[in-house]
Every structure is written in C-alpha cells, then in structure tokens.
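Structural features, examined
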Amino acid sequence: MKKLIVLAFIGFLAQLIDGSLGMGYGVSSTSLLLTFGIAPAVASASVHLSEVVTTAVSGASHIKFGNVDKHMVYRLIIPGSVGAFVGACFLSNLPAELAKPYIAVFLFGLGIYVLFRFLFIFKPSKEHETFRPLTVKQSIPLGLFAGFCDATGGGGWGPIATPVLLSKKGMTARKAVGTVDTSEFAIAFFGSLGFILSLGWEAVNWLWVGALIMGGVVAAPIAAWLVRMLPAQLMGVLVGGFIILINVRTLLTTWVPIEAHVYIYIGIVVLWVFGILLTLNKMSTAKKHEHLEQQQRVS
C-alpha cells in the first residue's frame, strides 16, 4: 500500500512538472521506477500506459486554457507515434541488466540538457502573429527521433520537442508546452502498444500503472493552469537537477567505486543549489530591468 501511495505521488509530481514545462513526466517517473529495481522495459511500459490517460487529461486541459497550436499537433503525432512504437519494440528485446545503466546514461544526459538549457540559454518568448510552424520536412525527423528516444528512455518527447518549438519565432512558452503535451497522447498510446505486443499484458503491474494514473490525473488540470503563472526557467532548473540526482545512482553503482559516491553526490547537490540561486538572481535582475524600462516609457 505504501508503494502505491508513493507511486501516486510520483505520478502527481511528474505530471505537475510535465504539464508546466512540456517535459519531465517520463524522465522523472521512469528514473524513480528504476530506483525501485524495476526493469527498464517494464518501467517504460508502465509510464507510457499511465501517460495514455494523463496526457489525454492534460491535453484537454491545455486546449481549454488556449495553450495549443493544433496545426503543430497534427504534424508531430504521426512521425512521433512511429518512432515511439519502434523504440518500444527495440527496448523490449534488450536484456534488462544490460539496458538499465545505458538508459540511466540517456536520462542523465537529458537531465544535463534540461538544466543547461534553462540555466544558460533560456529566453522568455513573446507571441507574434507571424509565427511560422515547423515544416513537414522538419517535423518528420523531429517526431521520429523524439518518439524513439521517449520509448527507449522512458522519457524524451518533451525534452527534445519542446526546445525545438521554443526556437521558432512567435511560439510562446505556454503554446510550446501545451502543444507538446497534447501531442504526447499519441506517442504514449503507440509506445504502449509496442510494449504490450513485445512484452505481453502479464509483464505490466497494473496496480502501479493505476497509481501513476491517479496522481497524474489530479495534477494535469492544475499544471495546465500553472503554466500561465509559474516561472518556467526556475522549474526547468529544478527538474534538470532532480533528473541528474536520481539517475546518477545507477551510474555510480555500475561504474564508480563506492567510496567515491558520497563526494559525487555532494558535488552534484552543491552545483544544483548554485544553479538555483543563479537562476533566482537572473530572474530578479530581469524583473528590475523590466521595471526600469516601464518607468522610462511612462516618463
């Protein structure tokens, strides 16, 4: 019972992060499931099955709050679904003990990427009428790659697709997040289908899936509302550090002598705290500049 409550909390926290940032549900929840000793394919399958429900609720909530570019959703779901299905079949045929450390490397790398992006190259976007969506030639490789990474790593659709959409002029953060979250329903569905066909229904612990769903469904509408309120830069730095801290455990136990573990943990936490403080300082400085600009306009 305690494990189900913990899993429900994981689902709630992961969906709150994902719905606010457009990334983090799969990476966060898969990372935590791996710490329970669950095989990578089973962990990813459980996460994707729960995401079928949570992304449906999240997408509906984002649509209600006007956070979705429907044209981009249509362009992403087909190649993303193909990539997720292929990635699920690929991961299901890898030995669990062989796959676990390499999946942790992938998730660890995503954590570094998320942390670096929101700490150093984050730029608040402004909405313009001249927004140019991704072309078909751009959306196909993006969808295939992000979908494949999402299935093999248990997360990756958001960390890969959201930054690409944010790079397009005129695409606001809330539209990028809402679009990626809404399109993720198809990626979760076809990724789950690939896992079920490869692993079989009996390989999935449905109580775990149900617990993740319960937490995620509660968080989805809250996150869709919060995405208009919370500073995405701070949340991104928090999530990036969180992902790194969780996955470094698997890497250390696999390749690093145990006597060095505590020093590495301390180093990561110190750098993470420094990144949070730096982000808060940047946000404070940006607000001061914005206030001065407003005063100059008034005068």
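Residues numbered from 1 in each chain as written. Predicted model: local features only at pLDDT ≥ 70, side-chain atom pairs only at ≥ 80, totals over all residues. Heavy atoms only, no water.

1. What to know about the overall build of the chain
Basically, it comes down to this: Helix and strand assignments follow DSSP, with helices taken as H or I runs no shorter than four residues and strands as E runs no shorter than two, numbered in order from the N terminus. Computation of the radius of gyration draws on C-alpha atoms alone. For the globule rule, the value is 2.2 Å times the number of residues to the power 0.38. Throughout, exposure labels follow a simple rule: accessible area from a 1.4 Å probe, protein chains only, divided by the maximum for the residue type, with under 20% read as buried, over 50% as exposed, and the rest as partly exposed. Residue contacts follow a heavy-atom distance rule, with two residues in contact if any of their heavy atoms lie within 4.5 Å. Methods summary: accessible areas were calculated by the Shrake-Rupley approach with a probe of 1.4 Å, and residue burial reflects only the protein chains presented. Note on charges: Lys and Arg go in the positive column, Asp and Glu in the negative column, and His and the chain ends are not counted at all. Charge positions are represented by NZ for Lys, CZ for Arg, CG for Asp and CD for Glu.
Helix and strand counts for the chain stand at 11 helices and 0 strands. In terms of C-alpha radius of gyration, the chain reaches 19 Å, essentially the compact-globule figure of 19 Å for 299 residues. Expressed as lengths along the three principal axes of its C-alpha atoms, the size of the chain is roughly 70 × 50 × 35 Å. Relative to its full complement of 299 residues, the chain shows a buried share of 52%. Contacts in the chain between residues at least 24 apart in sequence constitute 85% of all its contacts with a sequence separation of at least 6. Surface exposure of the chain reaches about 14300 Å², of which carbon and sulfur atoms provide 71%. For the chain, the distance from the average position of its 21 positive side-chain charges to the average position of its 13 negative side-chain charges is 8 Å.

2. Re a nonpolar patch on the surface
The test is simple: Think of a patch as exposed residues, more than 30% relative accessible area, with no salt bridge, where like charges cluster within 9 Å and nonpolar side chains (Val, Leu, Ile, Met, Phe, Trp, Tyr) cluster within 5 Å. Basic side-chain nitrogens of Lys or Arg form a salt bridge, by our definition, when they fall within 4 Å of a carboxyl oxygen of Asp or Glu.
Nonpolar side chains collect at one region of the surface, where Ile78, Val82, Val86, Val136, Ile140 and Leu144 lie side by side and expose about 500 Å² of accessible area between them. Sorting the residues of the nonpolar patch by element identifies helix 4 (70-92) and helix 6 (136-153) as the ones contributing at least two each. Assignment of secondary structure puts valine 86 in helix 4.

3. Points about helix 11 (residues 261-298)
To keep things clear, this is the line we draw: What a helix should span is 1.5 Å times the count of its residues minus one.
Across its 38 residues, helix 11 extends 56 Å between first and last C-alpha, which sits within 8% of the 56 Å expected from 1.5 Å per residue. Residues His261, Ile268, Trp272, Gly275, Ile276, Thr279 and Met283 constitute the buried set of helix 11.

4. Concerning the nonpolar core
Selection rule: As used here, the term nonpolar core means buried Ala, Val, Leu, Ile, Met, Phe, Trp, Tyr and Cys residues forming a set that is joined through side-chain atoms within 4.5 Å.
Residues Leu21 and Leu33 are the most contacted members of the largest nonpolar core, which totals 50 residues. Ranked by residues supplied to this core, first place goes to helix 10 (residues 232-255) with 9 residues. In this structure, leucine 33 is in contact with Leu7, Ile38, Ala43, Ser46, Val47 and Leu212, ignoring residues within four places of it in sequence. In terms of nonpolar packing, the next biggest core, distinct from the first, is built from 17 residues, Met171, Ala176, Ala186 and Ile187 among them.

5. Some remarks on the packing of helix 6 against helix 7 (residues 157-166)
For clarity, the cut-off: To obtain each axis, a line is fitted to C-alpha atoms, and for helices this fit is confined to the stretch in contact; angles are then taken between N-to-C directions over 0 to 180 degrees. In what follows, roughly perpendicular refers to angles from 65 to 115 degrees, roughly parallel to angles under 35, roughly antiparallel to angles over 145, and oblique to any angle outside these ranges. Each residue gets one of three labels, nonpolar for Ala, Val, Leu, Ile, Met, Phe, Trp, Tyr, Cys and Pro, charged for Asp, Glu, Lys and Arg, and polar for the others, Gly among them.
Contact pair helix 6 / helix 7: the axes reach a minimum separation of 8 Å and the direction vectors enclose 155°. Comparing the axis directions of helix 6 and helix 7 gives the class roughly antiparallel. Residues Leu142, Gly143, Phe145, Ala146, Gly147, Cys149 and Asp150 of helix 6 pack against Trp157, Ile160, Ala161 and Val164 of helix 7. The residue makeup of the contact of helix 6 with helix 7, split by class, is 8 nonpolar, 2 polar and 1 charged.

6. Description of the UniProt feature "transmembrane region" (unreviewed entry) in the chain
Put simply, the rule reads: UniProt positions are given in the numbering used here, feature names are shortened, and annotations may be inferred rather than shown by experiment.
Residues annotated in UniProt with the feature "transmembrane region" (unreviewed entry) correspond here to residues 73-96, 102-122, 176-200, 206-227, 234-256 and 262-280. Between the first and last C-alpha atoms of residues 102-122 the distance is 28 Å; the span itself is 90% helix and 0% strand. The span residues 234-256 is 96% helix and 0% strand, and its two end C-alpha atoms sit 31 Å from each other.

7. Quick look at the environment of proline 133
Inspection of the secondary structure assignment puts proline 133 in the loop between helix 5 (96-120) and helix 6. Among the residues examined, proline 133 registers a relative accessible area of 29% and is labelled partly exposed. For the pair proline 133 and asparagine 247, spaced 114 residues apart in sequence, the C-alpha separation works out to 34 Å. The residues contacting proline 133, other than those within four sequence positions of it, are Met72, Arg75 and Lys168.

8. A word on the environment of serine 31
Position of serine 31 among the secondary structure elements: in helix 2 (residues 25-35). Taking the C-alpha atoms as reference points, serine 31 and isoleucine 246, 215 residues apart in sequence, are found 6.3 Å from one another. Ignoring sequence-local partners within four residues, the contact set of serine 31 consists of Gly26, Leu107, Ile246 and Asn247.

9. A word on the packing of aromatic side chains
Selection criterion: Pairing of aromatic rings covers Phe, Tyr and the six-membered ring of Trp, with a centre-to-centre limit of 6.5 Å; geometry is then stacked below 30 degrees between planes, edge-to-face above 60, and tilted otherwise.
Enumeration according to the criterion identifies 5 aromatic pairs in this entry. A ring pair is formed by tyrosine 102 and tryptophan 255, whose centres lie 5.9 Å apart and whose planes are at 70°; its orientation type is edge-to-face. Of this pair, tyrosine 102 sits in helix 5 while tryptophan 255 sits in helix 10; the two residues are 153 residues apart in sequence, bridging distant segments of the chain. Ring plane angle 25° and centroid distance 5.4 Å describe the contact between tryptophan 201 and tryptophan 206, whose orientation is recorded as stacked.

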